[in-house]
Amino acid sequence: VFHGRILARRVVGQETRYEVEVKARYRHRFPLVSREYLWVPNTCGCPALLEGSEYLLMARRHVNHEHTLNRILLPEHGYARPWTPREARLVREAARH
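Reading guide: rules and limits
Residues numbered from 1 in each chain as written. Predicted model: local features only at pLDDT ≥ 70, side-chain atom pairs only at ≥ 80, totals over all residues. Heavy atoms only, no water. Helix = DSSP H or I, 4+ residues; strand = E, 2+ residues; numbered from the N terminus. Buried < 20%, exposed > 50% of the residue type's maximum accessible area, 1.4 Å probe, protein only. Lys, Arg positive; Asp, Glu negative; His and termini not counted. Salt bridge = Lys/Arg side-chain N within 4 Å of Asp/Glu carboxyl O. Contact = heavy atoms within 4.5 Å. Core = buried A, V, L, I, M, F, W, Y, C linked by side-chain atoms within 4.5 Å. Polar contact = N/O pair within 3.5 Å; in protein donor to acceptor, adjacent residues only side chain to side chain.

With respect to the helices, strands and loops of the structure, Arg-17 is situated in strand E2 (residues 15-25). Buried charge without a partner: Arg-17 forms no salt bridge, and the closest opposite charge is Glu-19, 6.2 Å away. When sequence neighbours within four positions are dropped, the list of residues in contact with Arg-17 reads Ala-8, Arg-9, Arg-10, Val-12, Tyr-37, Leu-38 and Trp-39.

Structure below.
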């Protein structure tokens, strides 16, 4: 779970790749750097994320069986909500429990 700002969107094959500035990390299941690529497995980019907007994102690490692919994946019906200070507070409180 992290707070990110969408910097760019690009369709790559049958997927959509977002370049994301990671602003805050709420759960630390895998390390994130300040800039990451977030992949969505379709070309519509659903859920649609707007460039320049900030979101609270719940993504997962995707590693294929050969361990040649290691990326952050936001499923088509994944959690992506516009970021607000209230959302950030609620997530911080939930992370403590």
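Structure shown, so let's carry the discussion forward.
For the rest of this paragraph, the subject is the nonpolar core. Of all hydrophobic cores here, the largest spans 15 residues; its most connected members are Phe-2, Tyr-18, Leu-38, Leu-49 and Leu-57. Where this core is concerned, the elements lending two or more residues are strand E1 (2-12), E2, strand E3 (35-40) and strand E4 (54-58). With three residues, the single largest contributor to this core is E2.

Of note, Glu-93 is situated in helix H1 (residues 85-96). Residue classification places Glu-93 among the partly exposed residues on the basis of a relative accessible area of 33%. Sequence separation of Glu-93 and Tyr-26 is 67 residues, and the distance between their C-alpha atoms is 9.9 Å.

The next subject is the side chain of Thr-16. By the secondary structure assignment, Thr-16 is in strand E2. A distance of 2.6 Å separates the side chain of Thr-16 from the backbone oxygen of Asn-42, its partner in a polar contact. At 3.5 Å, the side chain of Thr-16 and the backbone oxygen of Thr-43 are in polar contact. Those residues in contact with Thr-16, other than ones at most four positions away along the chain, are Arg-9, Arg-10, Val-11, Leu-38, Trp-39, Val-40, Asn-42, Thr-43, Cys-44 and Gly-45.

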